[in-house]
Amino acid sequence: QRQRKILLQRLKVPPAIAQFGRTLDKNTALQLFKLAVKYKPEDKSQKKDRLKKMAEEKAAGKTDSTFKKPFVLKYGINHITTLIEQKKT
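Residues numbered from 1 in each chain as written. Predicted model: local features only at pLDDT ≥ 70, side-chain atom pairs only at ≥ 80, totals over all residues. Heavy atoms only, no water.

Trainee: Got a sec to walk through the overall build of the protein? Specific residues and values, please.
Mentor: When helices and strands are counted, the protein shows five helices and zero strands. Sequence-ordered secondary structure for the protein, helices as α and strands as β, is α-α-α-α-α. A compact globule built from 89 residues should have a C-alpha radius of gyration of about 12 Å, whereas the protein, at 21 Å, is more than 25% larger. Here the protein holds 89 residues, and 4% of them are scored as buried. (Helix = DSSP H or I, 4+ residues; strand = E, 2+ residues; numbered from the N terminus. Rg over C-alpha atoms; globule rule 2.2 N^0.38 Å. Buried < 20%, exposed > 50% of the residue type's maximum accessible area, 1.4 Å probe, protein only.)

Take a look at the structure:
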């Protein structure tokens, strides 16, 4: 542990990597998880209902759809890297 601490003091770690050296406290983590729940991907039944309602609106002739695809939280290092390379984030 002492060697690791000394090594971390002597090495200059970029801030983008250094942010993962510490964990969040309990209150901040709770806030983050509450926020993440709002952007949870829809499950199969929710997607089916949304698409069904969109189809009904389209059949009725309404053009502006209120049942758009919801925003979701993207995760996974490869997925995020790909999104950044495509400039979608």
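The rest of the description comes next.
Trainee: Just give me the short version of a nonpolar patch on the surface, but keep the residues and values in it.
Mentor: Together, Leu24, Leu32, Phe33, Leu35, Tyr39, Phe71 and Leu73 give the surface a local cluster of nonpolar side chains, amounting to about 770 Å² of exposed area. Relative to the helices and strands, Phe33 resides in helix 3 (residues 26-38). (Patch = residues over 30% accessible without salt bridge, like charges linked within 9 Å, V, L, I, M, F, W, Y side chains within 5 Å. Areas by Shrake-Rupley, 256 points an atom, 1.4 Å probe, with all protein chains shown as cover. Salt bridge = Lys/Arg side-chain N within 4 Å of Asp/Glu carboxyl O.)

Trainee: How would you summarise the environment of Leu51 if you had to cite specific residues and measurements?
Mentor: Take Leu51: it is sitting in helix 4 (residues 44-60). Along the chain, Leu51 and Leu35 lie 16 residues apart, while their C-alpha atoms are 25 Å from each other.

Trainee: Talk me through a positive patch on the surface; I want residue IDs and the actual numbers.
Mentor: Side chains of Lys47, Lys69, Lys74 and Lys88 sit close together on the surface and give a patch of like positive charge. Mapped onto the secondary structure, Lys74 falls in the loop between helix 4 and helix 5 (77-85). (Lys, Arg positive; Asp, Glu negative; His and termini not counted. Charge placed at Lys NZ, Arg CZ, Asp CG, Glu CD.)

Trainee: Lay out the pattern of salt bridges in plain terms, naming residues and giving numbers.
Mentor: Counted by the stated rule, this structure contains one salt bridge. A salt bridge links Glu42 to Arg50; the shortest N-O distance between them is 2.8 Å.

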